Amino acid sequence: MEKFIILGGKPLFGKVKVSGAKNSALAIMPATLLTNGKNRLTNIPHVNDIFTMKKLMEHLGSVITFDNGTLTIDNSKIHNQDAPYEHVKKMRASIYVLGPLLARYGYAKVSMPGGCAWGPRPINLHIDSMKKLGAEIDYEDGYIIAKSSKLIGTKINFEISSVGATGNALMAAVLAKGTTKIINASIEPEITLLANSLLKMGARINGIGTNILEIEGVEDLTPNNCENIDDRIEAGTLLIASAITKGEITLEYKNSDHLSILFEKLEESGCKININNDLVSIKNISDSIKPVNVSTSIYPGFPTDLQAQWIAYMSLANGTSHTTDTIYFDRFKHVPELIRLGASIELKENTAVVNGVTSLKGAKVMSTDLRASASLVLAGLATKGQTEVLRIYHLDRGYEKIEEKLTKLGAQIERVKTEEF
Ligand code: EPU
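Just checking my understanding: could you explain helix H10 (residues 307-314) for this structure?
One turn of an α-helix holds 3.6 residues; hence residues three or four places apart share an orientation. The element H10 is extensively covered by neighbouring structure, given that eight of its eight residues are classed as buried. Every buried residue of H10 is listed here: Gln307, Ala308, Gln309, Trp310, Ile311, Ala312, Tyr313 and Met314.

Below, the structure is given as structure tokens:
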């Protein structure tokens, strides 16, 4: 096991580069299963979730190299259509292989993901959309078994906008016979990238970037080169790290249009954001952090994946603020840990009422999931004293070289081996 030891209280200064986005990479990797040949994906982060997807696809028969942010994926020798529990239990995004395997091979056996660290995360919308496309679905020994001789275009109207279900439906529909209309499709940038990547493979998709996608199925797709977008959640986490430590940092980040809502909220809280081509800078222009309410929602709303980091930031605000999560009602495992650091937070259903305190104090805290861990690191950076963040394997799922980046910005953060669990 490893933990971080953080000696906080130092403002962050300097410039770092934002890595490629984990969540879009996790969609464009399985999309290559729709092609027979060698695909090249660039700007892919070296984080554990990517290695989990790589292992899963290698199990299917993909031949993959991953070097310096570039993945080459050759799917000409796929010999398995099953995603075993050992992979899926590590990462729910493994469900992304369902659509492409079913579309290309007429069969997929995927372990059911089960709950996640902060509560239930159903997959009913994924399954319903496969059924709508004509697949026969059975459940056996914890596995979903999907079969179809040929998927048939249809109308899929999602009652909830879902990133993953849109991705799966899209990847299945591109090879279906006839036209599929996806209504209330996700317009998250990760799905827009996926759709554009499918387009480059020869798929026929209209309405990309809107919540109605129209897909005209084609017979086959060809391998493609796809450049991944930058990670908006990593960028957001680093900007909040600067704001919470009252620093002044610049990010090399090429997709600043994906974070407009965070920029607005940071400015409301007393920071100035400056965007200059692919550079985003932030500095605090107010002596104190102003309390700012946020409510998470689908894109372009405030991302649920920045909710925990925002609560850490608001813990040090000059007053009371409310942070509501409307995407995941129970994603608040970081709250008791932040309280251990001296934060004053009360949970009222899916809203954290945060009464800002003047300072936090160091303690041992425990990561419970990826973004919760990020919030603890941010709080640690702002704490005068030593904070230890345990179970940082959660953080390693989705942040590339985070301590190197923070160290470059002047933070005192060290990764050490530990027996503690
Ligand atoms: N939902 C259902 N049924 C489904 C699917 C989703 O009810 O079949 C609900 C969920 O419970 C949730 C809402 O729909 O309330 C939206 O969930 P969505 O399907 O959009 O989430 P996801 O695709 O499972 C992705 C990201 C998450 C991120 C969410 C929301 C990936 C690999 N994961 O998950 O990222 O929180 O979208 O933006 O893209 C993270 O990176 O830390 C992370 C958890």
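Continuing now.
Help me understand the side chain of Glu234, please; the structure alone is not making it clear to me.
With respect to the helices and strands, the residue Glu234 is situated in helix H8 (residues 232-244). On the accessibility criterion, Glu234 (3% relative accessible area) is buried. Among the polar contacts listed, one links the side chain of Glu234 to the side chain of Lys405, at a separation of 2.8 Å. Non-local contacts of Glu234, meaning those with residues more than four positions away in its chain, are made with Lys17, Val18, Ser19, Tyr399 and Lys405.

How should the sheet that holds strand S4 (residues 63-67) be read in this particular structure?
Adjacent strands of a sheet form backbone hydrogen bonds with each other and so pair up, either parallel or antiparallel. Reading across the sheet, the four strands line up as S4-S5-S3-S14 and stay open at both edges, with mixed pairing between neighbours. Single-partner strands in this sheet number two, and they are S4 and strand S14 (225-227). Here the average twist between neighbouring strands, direction ignored, is 10 degrees. When strand S3 (residues 38-42) meets S14, the two strands line up parallel, connected through three bridges. If you follow Thr42 over to S14, its bridge partner there is Glu227. Sitting on the sheet, helix H2 (residues 48-60) touches S4 and strand S5 (70-74), and the angle it makes with S4 is about 155 degrees.

How should the site of the ligand be read in this particular structure?
Around the ligand sit 22 residues, and of these Asn124, Ser162, Val163, Asp305 and Ile327 come closest. Take Asn23: an N or O atom from its side chain is 3.0 Å from an oxygen atom of the ligand. Side-chain polar atom of Arg371 to an oxygen atom of the ligand: 2.8 Å apart, as the coordinates give it. When residues of the shell around the ligand are traced back to their parent elements, those giving at least two are helix H1 (22-31), helix H5 (124-132), helix H6 (163-173) and helix H12 (370-382). It is H5 that contributes the most residues to the shell around the ligand, three residues altogether.

Explain the pairing of strand S17 (residues 279-284) to me, please; I cannot follow it from the model alone.
When a strand is regular, its side chains alternate between the sheet's two faces. Of the two faces of S17, the one holding Val280, Ile282 and Asn284 is buried and the one holding Leu279, Ser281 and Lys283 is not buried anywhere. Pairing analysis gives five bridges linking strand S15 (residues 248-252) to S17, with the strands arranged antiparallel. If you follow Ile249 over to S17, its bridge partner there is Ile282. Pairing of strand S16 (residues 271-276) with S17 involves six bridges; the strand directions are antiparallel. Paired with Asn274 across the bridge in S17 is Ser281. Adjacent in sequence and paired antiparallel, S16 and S17 are bridged by two residues, among which Asn277 carries a positive phi angle near 50 degrees.

What is the right way to read the packing of H8 against helix H9 (residues 260-268) from this model?
Any two packed helices are characterised by the angle at which their axes cross and by the distance between the axes. Running from amino to carboxyl end, H8 crosses H9 at an angle of 5 degrees, the nearest separation of the two axes being 11 Å. In this view, H8 runs roughly parallel relative to H9, as classed from their interaxial angle. Touching Gly236, Leu239, Ile240 and Ala243 of H8 are Leu262, Phe263 and Leu266, all from H9. Class assignment for the residues of the contact of H8 with H9 results in six nonpolar, one polar and no charged.

Thresholds, definitions, all that
Residues numbered from 1 in each chain as written. Predicted model: local features only at pLDDT ≥ 70, side-chain atom pairs only at ≥ 80, totals over all residues. Heavy atoms only, no water. Buried < 20%, exposed > 50% of the residue type's maximum accessible area, 1.4 Å probe, protein only. Helix = DSSP H or I, 4+ residues; strand = E, 2+ residues; numbered from the N terminus. Polar contact = N/O pair within 3.5 Å; in protein donor to acceptor, adjacent residues only side chain to side chain. Contact = heavy atoms within 4.5 Å. Pairing = 2+ DSSP bridges. Axes fitted to C-alpha atoms, helices over the stretch in contact; angles between N-to-C directions. Near = heavy atom within 4 Å. Parallel < 35°, antiparallel > 145°, perpendicular 65-115°, else oblique. Nonpolar A, V, L, I, M, F, W, Y, C, P; charged D, E, K, R; others polar.

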